[in-house]
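Letter by letter, the chains look like this.
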Amino acid sequence: MAIENGVMDSGFTKMAHKERQCPGCRLRMPADATAAYAGYYHCSPECWSVYSEVLGTQYGNAIIFGQVHQMTVDAYALQHAGGSHKDKSIAIHLSGLHAANNLGIPQTQIPRLLQRLTNHIKHWPYYAPPQSTGPMTVFDIALAGTPEEHISRVKKWTDFVWNAWSDHHPKIALFVSSHLH
Ligand SMILES: [Zn+2]
């Protein structure tokens, strides 16, 4: 028993020393050799796996899904700009938050609007990402204890991320209105 504990302790110490920071949202997590990410978001595999968990929670709860799923997807993308993240993706997710915050379009109708934009646009603008996207990360959402808390945390997190991109708000408004008339 004592030996088992010893082994567990040294294993834990080893893991605790190996931390990895997400290049997008700055979330620090113990490095997880089993976590993998092969997409173009500027994120760590550990951050992506927390995000996948949060999406799983949202797919399993119709109220959460209806109220904050689209803004979760948009905020996560916008917190992980840079690296090989595509201009098209950043413009689309900025448009999603603009539609929610300024045009008052319900979450469930935003994908259709973004699809219309995608169909119209051939050349996507580049929006330089901000230095910081605020103090919250997807990890804060994963820690929510109730659906209500989940929803309110997503809204708060999304506000931080949207405000961080404020230099581009007028350009996004023009971008969306000029392609959807
Ligand atoms: Zn991250």
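A brief report on the enclosed structure follows. Since we're looking at a predicted model, the values are computed, not measured. (Residues numbered from 1 in each chain as written. Predicted model: local features only at pLDDT ≥ 70, side-chain atom pairs only at ≥ 80, totals over all residues.)

Focus on unusual backbone geometry
Line of reasoning, step 1. Of note in the backbone geometry, Arg26 takes a positive phi value of approximately 75° without being a glycine.
Line of reasoning, step 2. Assignment of secondary structure puts Arg26 in the loop between β1 (19-21) and β2 (28-30).
Line of reasoning, step 3. On the basis of neighbour counts, which here come to 14 C-beta atoms within 10 Å, the residue Arg26 falls in the partly exposed class. (Helix = DSSP H or I, 4+ residues; strand = E, 2+ residues; numbered from the N terminus. Buried ≥ 20, exposed ≤ 12 C-beta atoms within 10 Å, placed from the backbone.)

Quick look at helix α7 (residues 147-164)
Line of reasoning, step 1. End to end, α7 covers 26 Å across 18 residues, agreeing with the expected 26 Å (1.5 Å per residue, within 8%).
Line of reasoning, step 2. Those residues of α7 that fall on the buried side of the exposure criterion are His150, Val154, Trp157, Thr158, Val161 and Trp162. Take α7 and look down its axis: the buried residues cluster within an arc of 135°, on one side only. Of the residues in α7, the exposed ones pointing more than 90 degrees away from the buried face are Glu148 and Glu149.
Line of reasoning, step 3. In this structure, the buried side of α7 is in contact with α2 (45-59), α3 (62-78), α4 (87-101) and α6 (138-142). (Expected span 1.5 Å × (residues − 1). Arc of directions from axis to C-beta. Contact = placed C-beta atoms within 7 Å.)

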